[in-house]
Amino acid sequence: MNKSRGLLIMSIVAIAAIGLFLYMRRHRDERAPAPAVATKGSAQHAQHAAPEPADPAKLVVAVTDDKGPLAGATVRFERERGDVDIVETGKDGVARADRLEPGTWQVSASADGHEPAALRPRELRAGEVVNVDLKLAPGGRTLTGTVTDASGGPITGARIDAAKLGAVARPSDAVASTLTGADGKYKLSVAEGQLLVAASESSYAPQSRFVEVGASGASADFQLVPGGVIEGVVRDEQTREPVPGATVLAQRDAPAMMLGERATHDVKSGADGRFRITGLRPGGYELNARAVGRASQAPTIVGLGVAEQVTDVEIVVGRAPVIRGVVVDESGAPAPNVEVNAFSGPGDNADAKADAKGQFALEGLAPGKYTLMARSEEFLPAGTTNVELEHKDLDGVKITVRRGLKIKGHVERRQVCEVQLDFDEGAMQRGDMPMLIAPITTGPDGEFEVGPAHPIAYDLKARCPSGEQGTKKIDVKPGMPDVVIEVKPGASIAGKVLDGGGKPIGGVTVMAAATGGTERTMIVNGMVTSGVQSLTNATGAFELRGLAAGTYRLRVLDRGRPLPMKPDAKIAVTATEHKTGVTLTVDRPDGVIRGVVTGSDGKPIADAWVSVNQNLEDMLSEALANHGPDEGGSRSVMIEAHDDGGGDTGGMPPALTDANGKFEIRNLARVPWTVVAEAQAGKLRGRATKVVPDAQITLQAVGLTKLEGKLVTGGAAMPSSFQVELEGPTRAQRSFTTADGTFSFARVDPGEYKVTVTSSAGNGSATVKVQPDQTAHVDINLAANAIVVGKLIDAAGKPVGGVPVTIIPDTGDGQLRVELHGMPPTSNPDGTFRLDAKAGPSILMVMTPPRPTSKRGLNLEAGKTLDVGPITVAATPAPP
């Protein structure tokens, strides 16, 4: 066999994998949901009254341990969009939050000598009083540190949040919190393992960092920089009157830091329409506002320097089109109280909750193309609905869901375990695309509830800290009995991680990924999250426990990123084998990037904000290291890379340049990094790519500019909406609905760009060079799309609906690289599909688990339709 044809690379970017949508909803985009309004709107301008404030809710939390009420525990109340209150329990172990805004709240608690714990998210209604119990288990490790300002002085009352990172690189719900004392010091009882720790105070820009907590605890110090402030007013476009109760969104055009800093800051305007956003990092911000029936038509750009206060910002809102419709189940009956989500480019998203009759209204969206999906605790999406929103309301939209099933049971022997629901590779969903479900952790009693799930066959897997593991094959169906997963001692792999000099490396992660079949690597918010992972101790020792029999590929990660490793390590174990003495040799992550930031005149710039991050391409190059075909066969590698807007977990804290423009960022892996400097309230930016420590660099911060463009159709009709993507120093993607085909991007870095336009009327691309402080212009000639139609069927000839389908170029090298930005189109309930694509040699990809089905040899012609006929979707398609 030609080995070059044995590698299938699937790079699913952004929110393309529908499964992530399911189990990440609790941490969704921090935007206020649009109101669920079922009444029909008017095309005429209307006066909008300010919404009446809702009565506050009250939440009473009784915290206990095995000995009874727990006094002095810290209870953390976090609203879904990011508001946080912390309250200490009294002698009776009770903490009371009396004035909570109605909505969904997450409650967690921590106390000295105890493991942090959390309750499931709880929706509070206006005026409701809710009493809940939360029990803490003994244990925990001690985390200490000091929070100071740039001068070294202590910061009093800074909030410290610490949470263990879960299976998808998100902080767990069990967040431990405390406040610093007068000396800036803090002490906190946290979970052992990989944690994200954040420090925040309203007058300072927040920081967060990745901390490895072992048996002896850990320490994390923070030095905060004074934060900036943006103040202003929201006004109606026609009346110029202030708009009270509007949601103002401020989004920074650079990666955020999870837990400590939200990717999107949002506040409500007051009765006078004024708003104030504090604790902002320096840089450029896009401000948008939404109110009932109104939204800003274009973002307001604000640049912010270190500790700068920008006042009198005006955001204008005008009437926004509304998407209205109904959610129905597979029988056509209304599906009540489901959450409806609209996805498009970055920032063009909204959600709403359907009413008891399944009716919904999505407000605050700009015109453009959207993919709609709905779900709830009872219903699963049955594919997607694609719509095009113009400048008028869109009514009568139908979204289909199907009722899901809950899987209940326990592990035996009863203990704390992580339970994961995986696709049974011998089964194929008929009628819908199966979706991933987040791993859940059982309580000490070993009980679990997973779902909603599809009525298909799954492998239900449990892995326990004790080293026990088990798998249960289940056929999910209505009325099924509780499931018991028998867990028994599993295999293990133990050894040490050393550097090139033979010295141990502590605080790094060893990951074991099963080989054979499709090898999956998941990257979430900048971290590799897949496989079985274990932390090394101070001596570099690790032990991967609870493994099933098989062969595993071992990698070493630092802050979730692969370290250069030699040689490649593959270890085979039998069912209960304990493999020891494994030595993994990697480069120690102690690299340094030093440099100086200058202006275009070559003079150094003080107080420039310098940060490092890895772009997706560099991450993929490391994740794919040594991923050639295995001996005697082919290999299929699936890489899912997601950024859910929550920030970069593994990101390094940024640095400020000194009076001489110098900076230094330490403890870096010797892999390619992108280094970015921002200065003068975000007006200047410099960038260097593929910088490998130990490097000395000069970053020239130059003026950002605007890139404008225009579509050229050659006399054909201009598309009603189109999407433009920039590939270059600044990467951006945005939808436009201008009648004359013009588009523009603000705050673009100078450099070479490829500009790509896609629309229902055609597609095109062009290159352009952007000069500093000069508006660039590019014309895009549109070529007619090719159209591909067909039908998906199963082995019995029945239609297969709700399965993502896409067209990729055939590069002719035998490798398949699928790169999807956003939600992919899906087959209809009757199995049919219709795809617009660029002309040329192409491959049709049907995204079925565990491997895609592909149809090669398509020669697409512009303006013509190709009917590929029925495509049989197999349960385990042969590798390409």
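Model, not experiment: these values are computed from the prediction.

Enquirer: Let's hear about the overall build of the protein chain: which residues, and what values?
Expert: A count of helices and strands for the protein chain gives 2 helices and 76 strands. The 880 residues of the protein chain split such that 56% are buried. Taking the contacts inside the protein chain whose residues are at least 6 apart along the sequence as the reference set, 68% of them involve residues at least 24 apart. Only carbon and sulfur atoms are counted for the fraction: they give 49% of the accessible area of the protein chain, which is about 35,600 Å².

Enquirer: Break down the sheet that holds strand 34 (residues 385-389) for me, citing the residues and quoting the values.
Expert: Strand-to-strand pairing in sheets goes through backbone hydrogen bonds, with the strands running parallel or antiparallel. Overall, antiparallel pairing links the 4 strands, which are arranged 30-29-32-34 in an open sheet. Pairing within the sheet leaves two strands with one partner each, and these edge strands are strand 30 (350-353) and strand 34. Looking at each pair of strands side by side, their axes are set apart by 25 degrees on average, direction ignored. Pairing geometry for strand 29 (residues 339-343) and strand 30, over 4 bridges, is antiparallel. Residue pairing in the sheet places Val340 in a bridge with Ala352 of strand 30.

Enquirer: Give a detailed account of the sheet that holds strand 53 (residues 578-585), specifying residues and quantitative values.
Expert: Reading across the sheet, the 3 strands line up as 49-44-53 and stay open at both edges, with mixed pairing between neighbours. Two strands in the sheet have a free side with no partner beyond their single neighbour: strand 49 (541-547) and strand 53. Strand after strand, the sheet turns through a mean of 25 degrees between neighbouring axes, direction not considered. In this structure, strand 44 (residues 491-498) lies alongside strand 53, joined through 6 bridges in parallel fashion. Looking at strand 53, one finds that Ile493 is bridged to Lys579.

Enquirer: Which residues make up the pairing of strand 15 (residues 193-200), and what values go with them?
Expert: Of all 8 residues in strand 15, 8 are buried, a share of seventy percent or more. Two elements, strand 12 (residues 159-164) and strand 15, share 6 bridges in a ladder whose sense is antiparallel. In the strand pairing of strand 15, Ile160 is matched with Ala199.

Enquirer: So what about the state of the cysteines? Which residues, and what values?
Expert: A complete count under the given rule lists 1 disulfide for this structure. Bridging Cys417 to Cys464, the disulfide has an S-S length of 2.0 Å. On the S-S bond that ties Cys417 to Cys464, the torsion sits near 90 degrees, and the link is right-handed. Remark: Cys464 occurs in the loop between strand 40 (457-463) and strand 41 (468-475) and Cys417 occurs in the loop between strand 36 (405-412) and strand 37 (418-423); sequence separation between them is 47 residues.

Enquirer: Can you lay out the nonpolar core for me, pointing to particular residues and giving the numbers?
Expert: Ile493, Leu554 and Leu584 are the most contacted members of the largest nonpolar core, which totals 46 residues. In this structure, Ile493 is in contact with Phe542, Glu543, Leu544, Leu547, Tyr552, Leu554, Ile571, Val573, Lys579 and Val582, ignoring residues within four places of it in sequence.

Enquirer: Give a detailed account of unusual backbone geometry, specifying residues and quantitative values.
Expert: Residue Arg413 is bonded to the preceding Glu412 through a cis peptide linkage, with omega at 15 degrees. Relative to the helices and strands, Arg413 resides in the loop between strand 36 and strand 37. Following Pro693, the chain continues to Asp694 via a peptide bond in cis, the omega torsion being 0 degrees. Within the fold, Asp694 resides in the loop between strand 60 (684-691) and strand 61 (695-700). Within the chain, Asp312 stands out as a residue other than glycine whose phi angle is a positive 60 degrees. Judged by its relative accessible area of 63%, Asp312 falls in the exposed class. One non-glycine residue with positive phi stands out, namely Asp773, at about 60 degrees. For Asp773, a relative accessible area of 61% translates into the label exposed.

Enquirer: Could you give an account of the side chain of His114, with specific residues and numbers?
Expert: Within the fold, His114 resides in the loop between strand 7 (103-110) and strand 8 (117-118). With relative accessibility at 9%, the residue His114 sits in the buried group. A distance of 2.9 Å separates polar atoms of two side chains, one belonging to His114 and the other to Asp65. Once residues lying within four places of it in the same chain are set aside, the contact partners of His114 are Asp65, Leu70, Leu136, Ala137, Pro138, Gly139, Gly140 and Ser189.

Enquirer: Requested: an account of the packing of aromatic side chains, with residues and values cited.
Expert: Inspection of the entire model under this criterion finds 5 aromatic pairs. Between the aromatic rings of Phe722 and Phe743, the centroid separation amounts to 6.3 Å while the plane-to-plane angle is 70 degrees, which identifies the pairing as edge-to-face. In this pair, Phe722 sits in strand 64 (residues 722-727) while Phe743 sits in strand 66 (residues 742-748), placing the two residues 21 residues apart along the sequence. For the pair Phe722 and Phe743, one class covers both residues: buried. The rings of Phe722, Phe736, Phe743 and Phe745 are connected pair by pair, giving a single aromatic cluster.

Enquirer: Explain the pattern of salt bridges residue by residue, including any values.
Expert: For the structure shown, the criterion picks out 36 salt bridges. Arg240 is paired through a salt bridge with Glu314; the nearest N and O atoms lie 2.6 Å apart. Residue Arg240 is found in the loop between strand 20 (228-236) and strand 21 (247-252), and its partner Glu314 is found in strand 27 (residues 309-319); the two are separated by 74 residues along the sequence. Since its relative accessible area comes to 37%, Arg240 is described here as partly exposed. Classification of Glu314 as partly exposed rests on a relative accessible area of 34%. A salt bridge links Arg413 to Glu468, with the shortest nitrogen-to-oxygen separation between them at 3.2 Å. Of the two residues, Arg413 is situated in the loop between strand 36 and strand 37 and Glu468 in strand 41; the sequence distance between them amounts to 55 residues. For Glu468, a relative accessible area of 13% gives the class buried. Among the charged side chains, a salt-bridge network with shared partners connects Glu678, Arg685, Arg687, Arg747 and Asp749.

Enquirer: Just give me the short version of the environment of Thr239, but keep the residues and values in it.
Expert: Here Thr239 is to be found in the loop between strand 20 and strand 21. Residues Thr239 and Gly318, 79 residues apart in the sequence, show an inter-C-alpha distance of 9.8 Å.

Enquirer: An account of the confidence of the model for the protein chain is requested, with residue identities and associated values reported.
Expert: Any region with low pLDDT has predicted coordinates that should not be read closely. Mean pLDDT over the protein chain: 82, with 82% of residues reaching 70 or higher. This stretch, residues 1-48, has a pLDDT under 50; its non-local contacts, to residues over four places away or in other chains, come to 164 contacts. Confidence drops under pLDDT 50 across residues 426-433; counting only partners more than four residues distant or on other chains, this segment forms 33 contacts.

Enquirer: Please set out the environment of Gly72 residue by residue, giving values where relevant.
Expert: Counting through the fold element by element, Gly72 comes out in the loop between strand 3 (68-69) and strand 4 (74-79). Accessibility expressed as a relative area gives 38% for Gly72, which makes it partly exposed. The spatial distance from the C-alpha of Gly72 to the C-alpha of Thr89 is 5.1 Å, given a sequence separation of 17 residues. Apart from residues lying up to four places away in sequence, Gly72 is in contact with Glu88, Thr89 and Gly90.

Enquirer: Could you give an account of the environment of Ile571, with specific residues and numbers?
Expert: Secondary-structure assignment places Ile571 in strand 52 (residues 569-573). According to the relative accessible area criterion, Ile571 is buried, its value standing at 15%. Once residues within four sequence positions are removed from consideration, Ile571 is found in contact with Ile493, Gly550, Thr551, Tyr552, Leu554, Lys579 and Val582.

Enquirer: Outline the side chain of Ser534, listing residues and values.
Expert: Summarising the element assignment, Ser534 is placed in strand 48 (residues 532-535). For Ser534, the side chain forms a polar contact with the main-chain oxygen of Glu543, separated by 3.0 Å. Those residues in contact with Ser534 that sit more than four places away from it in its chain are Val508, Thr509, Val510, Phe542, Glu543 and Leu544.

Criteria and cut-off values
- Residues numbered from 1 in each chain as written.
- Predicted model: local features only at pLDDT ≥ 70, side-chain atom pairs only at ≥ 80, totals over all residues.
- Heavy atoms only, no water.
- Helix = DSSP H or I, 4+ residues; strand = E, 2+ residues; numbered from the N terminus.
- Buried < 20%, exposed > 50% of the residue type's maximum accessible area, 1.4 Å probe, protein only.
- Contact = heavy atoms within 4.5 Å.
- Areas by Shrake-Rupley, 256 points an atom, 1.4 Å probe, with all protein chains shown as cover.
- Pairing = 2+ DSSP bridges.
- Axes fitted to C-alpha atoms, helices over the stretch in contact; angles between N-to-C directions.
- Disulfide = S-S within 2.5 Å.
- Core = buried A, V, L, I, M, F, W, Y, C linked by side-chain atoms within 4.5 Å.
- Polar contact = N/O pair within 3.5 Å; in protein donor to acceptor, adjacent residues only side chain to side chain.
- Phe/Tyr/Trp six-rings, centres within 6.5 Å; stacked < 30°, edge-to-face > 60°.
- Salt bridge = Lys/Arg side-chain N within 4 Å of Asp/Glu carboxyl O.
- pLDDT = per-residue confidence, 0-100.

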